[in-house]
Each structure stands twice: as C-alpha cells, then as structure tokens.
Protein chains: 2
Amino acid sequence: MSAPARRARRHDPGRRDRLVDTALDVVAEQGVTAATHRAIARAADVPLGSLTYHFASLTELLAAAFTRHVDTVAERFDERMRAAPDRAAALQALAEHLTDDLLGSSRDLVLAVELYVAAARDPALREVTQDWMSRSRRSLERHLDPITAREVDALVEGLVLHSALSTDPMTAAQIHSALTRLAG
Amino acid sequence: MSAPARRARRHDPGRRDRLVDTALDVVAEQGVTAATHRAIARAADVPLGSLTYHFASLTELLAAAFTRHVDTVAERFDERMRAAPDRAAALQALAEHLTDDLLGSSRDLVLAVELYVAAARDPALREVTQDWMSRSRRSLERHLDPITAREVDALVEGLVLHSALSTDPMTAAQIHSALTRLAG
DNA sequence: CGGTCATAGGAACAACCGTACACAACGATT
DNA sequence: AATCGTTGTGTACGGTTGTTCCTATGACCG
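Residues numbered from 1 in each chain as written. Chains lettered and ligands numbered in written order. Predicted model: local features only at pLDDT ≥ 70, side-chain atom pairs only at ≥ 80, totals over all residues. Heavy atoms only, no water.

**Student:** Mind showing me how you'd approach the overall build of chain A here?
**Tutor:** If you tally the helices and strands in chain A, you get nine helices and zero strands. For chain A, buried positions account for 49% of its 184 residues. Considering only residue pairs separated by 6 or more positions, chain A has 67% of its internal contacts joining residues 24 or more positions apart. If you sum the accessible surface of chain A, you get close to 8700 Å²; carbon and sulfur atoms cover 52% of it. Placing the 23 positive and 26 negative side-chain charges of chain A at their respective mean positions leaves the two points 8 Å apart. (Helix = DSSP H or I, 4+ residues; strand = E, 2+ residues; numbered from the N terminus. Buried < 20%, exposed > 50% of the residue type's maximum accessible area, 1.4 Å probe, protein only. Contact = heavy atoms within 4.5 Å. Areas by Shrake-Rupley, 256 points an atom, 1.4 Å probe, with all protein chains shown as cover. Lys, Arg positive; Asp, Glu negative; His and termini not counted. Charge placed at Lys NZ, Arg CZ, Asp CG, Glu CD.)

In structure tokens form, the structure reads like this:
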C-alpha cells in the first residue's frame, strides 16, 4: 500500500492567493452555486479548515475572487480604450473586446453571468458589480459622452446575457453593427 | 388552548395551480435560491409531501411557474405591439412597457432577473428563457426588421439587468431616447 | 351502499452545507 | 534551546435540503 497522495504541505505561503484563483476556477467550471467550501478545498487540494482560516466566510472568498476577475477584465478593457485614437476606433475595439474576451472565451462569459447571479443574491457582491459597471463606463467615457456611454454599457450587458442564454449568439459583425448604430 | 390553525382541507381541486402561483410569489419575494420545497409549502399552507406529489421535482415546479409568468408578460407585451399603428408608436409603447411593467413594478423586474439566474444554472429552465426571447423578438418584428429587433431585444435585456443591479436606474426619458437612437 | 383510487398528509432519510473549535506543527525571537 | 505566536489540520455540530414512503381520507362510480 503506497501512501495515498501524502500532503506534507505545512507552511504554504501564497496559499491565500491560490485559493482565490481556485475559487474562480470552480465558479467558472461548475457555477457559483457549486462553489462550496468543500468543492474549492478539493480543487485546491487543501483541507477544509484552511478556507475558514484564510477567509471569514464563503462570501468573503467569492468577493475576493470576483474582485480579482473584474480587475483583470476591466484593466484589459481600459487598455484597449486608451489605445484607441478616436471614437470609431474605440467602437471597433469594444466590438473586438466583446467577441474576443467575452464571447470568444466561454470562461469569461460564464464568469460574467455567474457574477450577475451571485450579485442578485448577495448584497456584499453587489459592490463588485457596481464597481465593474462604473469602471466599464469610465473606460467608455474616454471616447463617448456620458449618456451614450451608459446606453452602450447597457447594450453590452444585454449582449453578454443574450449570448450566454441564447442558442445562436450574435456574430462579431452583428455586434459591431449594433454598436455603431447606437453610438456611431 | 385553541386548535392551532386547523387545516381541514381534504380535497383541494386546483391546488396544483395554486402551487404554481405561490412558487412565483416566493421567487419574487425571496429569490429563486430561497424557493425551496418547504418555503413554498409554507407559503401555500400545504404539507410538504403535496409538492412532490404534484411535481416530480423542484425544477419542474419552477419551470411551470416561470412559464406561466413569461406567458402573461409576453402576451401583455404583444398586445401593446399589436395596438401600435407604426414604428414610432411601437418604440413608444416599448418604452412604456419597460418603465411601467418592468422597471415600475419591482416584482416583474425581480422575476426577470431571477429567471436569468435560474436559467444560468438549470438547463431545463433555459428553454423558458429561449421561449421568452423568441416571443419578445417576434412581437418586436411586428414593426421592426429582424436585425433591428434582435438588437433592440439585447438592449432591453441589458436595460433590465442594469436597472436591477445599479443604484441609480435610468429614467423613462433616457430609456426612450436610447431606444429611438438604436431603432428610430 | 361499498369499493376503489387519486389525492392529502406527515414523518423519516441520506446528503450536503457553513462554520466552529481543539489540537498539531512550524518559524521566529529570545 | 526554550518559548511563543502564527499557521495548518481534522473532526464535529447544528441546520437545511430534495426526495421517498407509508398511511389516511374522501369523492366518485357501480
């Protein structure tokens, strides 16, 4: 009998960080309702007690995970907006951001919807969505007036949800056409 | 000691219907994650076993509830579209439908988002959202070309989600302006 | 009027959950 | 080397869940 995958991992610095990443993976792969202490612990290969040691509650862990995700996506998007020289280029970049980053990778699409789900239920997570929406709008306002930015933001949100729930998602061309029609 | 709310309700025809309505109430008031067998049974004042007798699973009950709700909202909306004489009137009616029926009544707004949530998690419920989206689009196509109808549909979905999660929702005027800008 | 069967009722079960907590093991500081 | 405080671990608890199952009831039909 060989030892069953001995885990001799006392002193694991950066475990907290790794737990946040693993939590995000579990949410992306199995949905936020399946993201339990035990599921995350299993995925990260750490004992159950480790989660409550590093995070006061499950909500706190999920909030940290979603915050990290929103940070990276928002930063990536703002980079695109900063790089765009004018309004037309910004719309083009937005369309690319949507098709590449959101609709292209099913992971980011799933995470976006799961965040909606989690936020609808948990007030603590609603802060994260608020932050996400305001950052997204601020990025758009680099090239659009505030009113248009808000409308575009809503349209984008609808496109994401639409893509997640519909069987035949819109094509990149259709998305670009819709955006220019609204804000072109 | 008075009898503790005696329940002498043997033979209760239409109970199945009443359960569907009650389930919808529970979802609207406490969210879909709180819509458990026990919560619905308590709200309908029926024993727990009655739920599994009338519905093979909780999902089946929720699907019936959401289907009923979608039916009434879709019918109400199509009525508005049928009544509109031209495209401009249709957009106006759509804006009114949004502000009155969806954003005005918090109940319908909550139910819409809860349906998104439930559908994101449960494939069986995704059929209901598909049905909802296709009916909504068909109503729009009474006055809009298919492409525009689809874009408007996505925008509407985004506006709903936006209103549900944001702290300062858009006004009726802003909504109407966004719609005419996209489809006017 | 008696039998039958769909409906009503309530208790029980097994699975799972978040969290608490007591204890073990280590690093750093004396 | 002894101590102390931080970090890691495993188990247990109390509660909730969906679902099953057995029994009781009463409306309908012959």
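**Student:** When you look at the protein's contact with DNA strand C in this model, what are you seeing that I'm missing?
**Tutor:** Around DNA strand C, the structure places 19 residues, and the nearest of them are A:Arg38, A:Leu58, B:Arg15, B:Tyr53 and B:His54. Within 4 Å of the protein, the contacting atoms of DNA strand C are drawn from sugar and phosphate to the extent of 64%. Take B:Asp12: an N or O atom from its main chain is 3.1 Å from a phosphate oxygen of DNA strand C. Contact distances for DNA strand C include 2.9 Å between a phosphate oxygen and a side-chain N or O atom of B:Arg15. When contributions to the surface near DNA strand C are tallied by element, the ones reaching two or more residues are α2 (37–44) and α3 (48–54) of chain A together with α3 (48–54) of chain B. With three residues, α3(B) is the single largest residue contributor to the surface near DNA strand C. (Near = heavy atom within 4 Å. Polar contact = N/O pair within 3.5 Å; in protein donor to acceptor, adjacent residues only side chain to side chain.)

**Student:** Explain the protein's contact with DNA strand D to me, please; I cannot follow it from the model alone.
**Tutor:** As a structural note, the neighbourhood of DNA strand D is formed by 22 residues, with A:Arg15, B:His37, B:Arg38, B:Thr52 and B:Leu58 the closest of them. Protein-adjacent atoms of DNA strand D, using a 4 Å cutoff, are sugar or phosphate at a proportion of 66%. A distance of 3.3 Å separates a sugar or linking oxygen of DNA strand D from a polar side-chain atom of A:Tyr53. At 3.1 Å from a phosphate oxygen of DNA strand D is found a main-chain nitrogen or oxygen belonging to B:His37. Contributions of two or more residues to the surface near DNA strand D are made by α3 of chain A together with α2 (37–44) and α3 of chain B. Sorting elements by how many residues they give to the surface near DNA strand D places α3(A) first, with five residues. Residue composition of the surface near DNA strand D, by class: five nonpolar, nine polar and eight charged. (Nonpolar A, V, L, I, M, F, W, Y, C, P; charged D, E, K, R; others polar.)

**Student:** For this particular structure, what's the right way to read the UniProt feature "domain: HTH tetR-type" (unreviewed entry) in chain A?
**Tutor:** Residues annotated by UniProt as "domain: HTH tetR-type" (unreviewed entry) correspond here to residues 13–73 of chain A. For residues 13–73 of chain A, the helix share is 77%, the strand share is 0%, and the end-to-end C-alpha distance is 26 Å. (UniProt positions renumbered as here; feature names shortened; annotations may be inferred.)

**Student:** It is not clear to me how the UniProt feature "DNA-binding region" (unreviewed entry) in chain A should be interpreted in this structure. Could you clarify?
**Tutor:** Those residues carrying the UniProt feature "DNA-binding region" (unreviewed entry) are residues 36–55 of chain A in this numbering. For residues 36–55 of chain A, the end-to-end C-alpha separation is 13 Å, with 75% helix and 0% strand making up the annotated structure.

**Student:** Where do I start with the relation of the copies chain A and chain B in this structure?
**Tutor:** The second copy of the chain is related to the first by a rotation about an axis and a shift along the axis. Mapping chain A onto chain B leaves a residual RMSD of 0.1 Å; the transformation is a rotation of 179° accompanied by 0.1 Å of translation along its axis. Classification of the inter-copy transformation places it as that of a two-fold axis. When C-alpha positions in chain A are compared against the rotation axis, the closest is assigned to A:Gly158, at 1.8 Å. Of the interface residues in chain A, 100% have counterparts in chain B that sit at the interface too, so the contact is made through matching surfaces. (Least-squares fit on C-alpha atoms with pLDDT ≥ 70 in both.)

**Student:** Hey, could you run me through the interface of chain A and chain B in this one?
**Tutor:** With 36 residues of chain A at the interface, the matching set in chain B holds 36 residues. Summed over both partners, the interface of chain A with chain B buries about 3200 Å², with 59% contributed by carbon and sulfur atoms. The largest share of the area that chain A buries against chain B comes from A:Arg150, A:Leu165 and A:Arg181, three residues that together contribute 23% of it. Between chain A and chain B we count four salt bridges in total. With a shortest N-O distance of 3.7 Å, A:Asp168 and B:Arg150 are connected by a salt bridge. Counting every contact that joins chain A to chain B gives 13 residue pairs in polar contact (both at pLDDT 80 or more). Of all the secondary structure elements, the ones that give two or more residues to the side of chain A that touches chain B are α6 (106–121), α7 (123–140), α8 (146–165) and α9 (172–183) of chain A. Residues of the side of chain A that touches chain B, tallied by class, amount to 17 nonpolar, 10 polar and nine charged. (Buried area = accessible area lost by both parts, 1.4 Å probe. Salt bridge = Lys/Arg side-chain N within 4 Å of Asp/Glu carboxyl O.)

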